[in-house]
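Single-letter residue listing:
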Amino acid sequence: MDDRALLELIYRSRPRTVAELATTAHADADEVADALARLAPTGVVSVREGTIGYAPPATWTAEVLAGEAQTMRQTANEAASRIEALVADLPVLLRHWAFGEASGDLVPVFVRHGPRAAEDLWYDIASDQSDSAWGALPDLGRYLQSDPARASRFAEVFAGKHSVRALVPRSIADDPRLVAIAERYAAVGVEFRLLGDLPSWFWIDGDVLALPIEWGEGWPTSVIGVRSAALADLGRSLYRELWHRAEPIGGVDQPWAPLLMLMKQGVTLDAASHRLGINPRTGRRRVAAAMEQYGVSTLFALGVAWAADGKPTAR
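The following refers to the structure shown. Numbering of residues begins from 1 in every chain and follows the order in which that chain's sequence is written. For this predicted model, a pLDDT threshold of at least 70 governs which residues receive local features, and a threshold of 80 or more governs which side-chain atom pairs are given and counted, while totals over whole chains, interfaces and linings are taken from all residues. Note that water and hydrogens are dropped before the side-chain values are worked out from all heavy atoms of the structure.

**Here we look at the nonpolar core**
Put simply, the rule is: In these notes, a set of buried Ala, Val, Leu, Ile, Met, Phe, Trp, Tyr and Cys residues joined through side-chain atoms within 4.5 Å is what counts as a nonpolar core. Relative accessibility decides the category of a residue: with a 1.4 Å probe and only protein chains considered, values under 20% of the type maximum give buried, values over 50% give exposed, and everything between is partly exposed. Helix and strand definitions follow DSSP, with helices as H or I runs of at least four residues and strands as E runs of at least two, each counted in order from the N terminus. Working rule for contacts: check all heavy atoms of both residues, and any pair within 4.5 Å makes them a contact.
In this structure, Leu121, Val168, Ile172, Trp201 and Trp203 are the most contacted members of the largest nonpolar core, which totals 25 residues. Mapped onto this core, the elements with two or more residues apiece are α5 (117-125), β5 (163-169), α7 (176-186), β6 (191-195) and β8 (208-212). A total of six residues in this core trace back to one element, the largest contributor, which is α5. Residues contacting Trp201, with those up to four places away along its chain left out, are Ala118, Ala136, Leu137, Pro138, Ala210, Leu211, Pro212, Trp215, Glu217, Gly218, Pro220 and Val223. Core analysis: the next-biggest nonpolar cluster, separate from the first, contains 24 residues, Val109, Trp134, Ala136 and Leu198 among them.

Below you can see the structure in the form of structure tokens.
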């Protein structure tokens with residue numbers, strides 16, 4: 001009898017002692033004791049002076065998962081700190097690599113200066129063809145000073161992307177003007193989350209990573225961009241960890257929930273989008289974000305994962 005079969009027998013027969021288990025299993029007591037010794041380090045059973053102790057599977061699994069989750073959080077935090085250190089060091093290295101206009105090197109570097117450097121860099125090198133644009137914006141108030149025409153251009157480009165995310169400071173909740181900005185962009189499908197300790201302004205658009213020359217600035221006047229898929233992925237790794245720590249505006253973190261509720265009733269994605277008063281492209285983007293969130297690639301798998309998450313109704 002292997003260890004798993006022995007554990008299943010323990011759950012069925014609930015033996016109090018090693019000897020009782022050996023009798024029930026029709027096995028040698030020493031062999032049973034050896035098997036229990038192998039199971040004990042996992043925490044599923046314990047043996048003390050011949051007496052067997054065991055927890056219900058749900059309790060044991062919950063305890064193991066809690067320990068694993070704590071380990072994962074610690075590992076993720078440590079990894080995020082290392083990634084942030086690498087990203088923070090990039091501007092200094094890149095500043096020595098190139099200056100002025102785009103270089104002809106294998107990794108093109110772009111530098112912009114001035115009060116609108118952060119916007120200018122995006123206009124100059126960001127791609128209309130990329131599927132995603134993620135930005136950390138510690139000083140959202142500077143957008144109050146943006147030209148309305150430029151703001152409209154941002155909204156138009158965002159509408160063509162599948163995933164547009166913005167990390168903004170938690171303090172915007174106290175400023176109605178900033179809330180209005182967030183609502184305007186949310187209407188074209190931008191996802192917002194609040195974080196109190198954003199490390200710096202930066203963004204990733206396709207294979208472009210943009211950073212302030214001085215890491216930590218909320219709205220830099222000197223910025224540097226690099227077109228490199230590898231460095232863009234490095235920036236995304238940091239961004240994902242920050243996104244995980246952040247909280248949704250108003251506590252609602254499922255912009256796809258109303259869509260999935262209607263689709264569960266047999267309504268098509270485009271029809272559900274129209275019912276909710278959103279552009280079908282925005283609806284598709286929200287469903288794509290849900291697939292990314294749950295790690296699935298089909299609508300059927302998404303429905304199963306969403307229901308299993310305990311969120312079959314909109315909040």
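There is more to say, and it comes next.
**What to know about helix α9 (residues 257-264)**
Where α9 is concerned, the buried positions are Ala257, Leu259, Leu260, Leu262 and Met263. The secondary structure elements touched by the buried residues of α9 are α10 (269-275), α11 (280-294) and α12 (299-308). With its phi angle positive at about 100 degrees, Gly266 sits one or two positions after the end of α9.

**A closer look at a negative patch on the surface**
Stated precisely, the cut-off is as follows: For patch building, the residue pool is restricted to those with more than 30% relative accessible area and no salt bridge; the joining distance is 9 Å between like charges and 5 Å between nonpolar side chains (Val, Leu, Ile, Met, Phe, Trp, Tyr). Where accessible areas are quoted, they stem from the Shrake-Rupley method and a 1.4 Å probe; at the residue level, only the protein chains shown are allowed to cover. For this analysis, a salt bridge means a side-chain nitrogen from Lys or Arg found within 4 Å of a carboxyl oxygen belonging to Asp or Glu. Here the positive residues are Lys and Arg and the negative ones are Asp and Glu; neither His nor the chain ends is included. The atom standing in for a charge is NZ when the residue is Lys, CZ when it is Arg, CG when it is Asp and CD when it is Glu.
There is a patch of like negative charges on the surface, built from Asp28, Asp30, Glu31 and Asp34. Along the chain, the position of Asp28 falls in the loop between α2 (18-25) and α3 (29-39). Its relative accessible area of 41% is what places Asp28 among the partly exposed residues.

**Quick notes on the side chain of Asp205**
Under the convention used in this document: Each polar contact in these results corresponds to two N or O atoms within 3.5 Å; when the atoms are within protein, one needs to be able to donate a hydrogen and the other to accept it, and residues that are neighboring in sequence are counted only if both atoms are side-chain atoms.
Within the secondary structure layout, Asp205 lies in strand β7 (residues 202-205). Taking the relative accessible area as the measure of exposure, Asp205 reaches 1% and is therefore buried. A distance of 3.2 Å separates a polar atom in the side chain of Asp205 from a polar atom in the side chain of Trp122.

**Quick word on the packing of helix α1 (residues 3-13) against α3**
We count it as follows: As a rule, the C-alpha atoms of each element are fitted with a line to give its axis, helices using only the stretch in contact, and angles between N-to-C directions run from 0 to 180 degrees. In what follows, roughly perpendicular refers to angles from 65 to 115 degrees, roughly parallel to angles under 35, roughly antiparallel to angles over 145, and oblique to any angle outside these ranges.
Interhelical geometry of α1 versus α3 gives an angle of 95 degrees and a closest axis separation of 10 Å. Classed by the angle they form, the pair α1 and α3 counts as roughly perpendicular. Of the residues in α3, those touching α1 at Asp3, Leu6, Leu7 and Ile10 are Val32, Ala35, Leu36, Arg38 and Leu39.

**Here's the deal with the packing of aromatic side chains**
The test is simple: Centres within 6.5 Å make a pair out of two Phe, Tyr or Trp rings, where for Trp the six-membered ring is used; the pair is then stacked when the planes are under 30 degrees apart, edge-to-face when over 60, and tilted otherwise.
Going through the model one piece at a time under the given rule, you end up with four aromatic pairs. Between Phe202 and Trp215 the ring centres are 5.7 Å apart and the planes differ by 40 degrees, which places this aromatic pair in the tilted class. With Phe202 in strand β7 and Trp215 in the loop between β8 and β9 (222-227), this pair connects stretches of sequence that are 13 residues apart. Taken together, the aromatic side chains of Trp134, Phe202, Trp215, Tyr239 and Trp243 make up a single cluster linked through ring pairs.

**With respect to the sheet that holds β7**
How we decide: Being paired, for any two strands, means DSSP has found at least two bridges between them.
Read across the sheet, eight strands follow the order β3-β9-β8-β7-β4-β5-β6-β10 without closing on themselves; strand pairing throughout is mixed. Bordering the open sheet on either side are β3 (109-113) and β10 (247-248), each of which pairs with just one other strand. Pairing geometry for β5 and β6, over five bridges, is parallel. Across the sheet, residue Leu167 finds its bridge partner in β6, namely Arg193. Across the sheet, helix α8 (residues 229-245) lies against β4 (132-136), β5, β6, β7, β8, β9 and β10, angled at about 120 degrees from β7, the strand it touches most.

**Quick word on the pairing of β8**
Where burial is concerned, most of β8 is hidden: five out of the five residues are buried. Here β8 shows no split at all, with Val208, Ala210 and Pro212 on one side and Leu209 and Leu211 on the other all buried. In this structure, β7 lies alongside β8, joined through three bridges in antiparallel fashion. Note that in β8 the partner of Trp203 across the bridge is Ala210. Between the end of β7 and the start of β8, which pair antiparallel, lie two residues, with Gly206 showing a positive phi angle near 65 degrees. Where β8 lies against β9, five bridges are found, and the strand directions are antiparallel.

**Focus on unusual backbone geometry**
Backbone phi values are negative for most residues with the exception of glycine, while trans is the configuration of most peptide bonds. Even without glycine at this site, Arg14 takes up a positive phi of about 50 degrees. Looking at where Arg14 falls in the secondary structure, it is placed in the loop between α1 and α2. On the accessibility criterion, Arg14 (54% relative accessible area) is exposed. Positive phi outside glycine occurs at Glu49, with the angle close to 50 degrees. When its relative accessible area of 78% is taken as the criterion, Glu49 is described as exposed.

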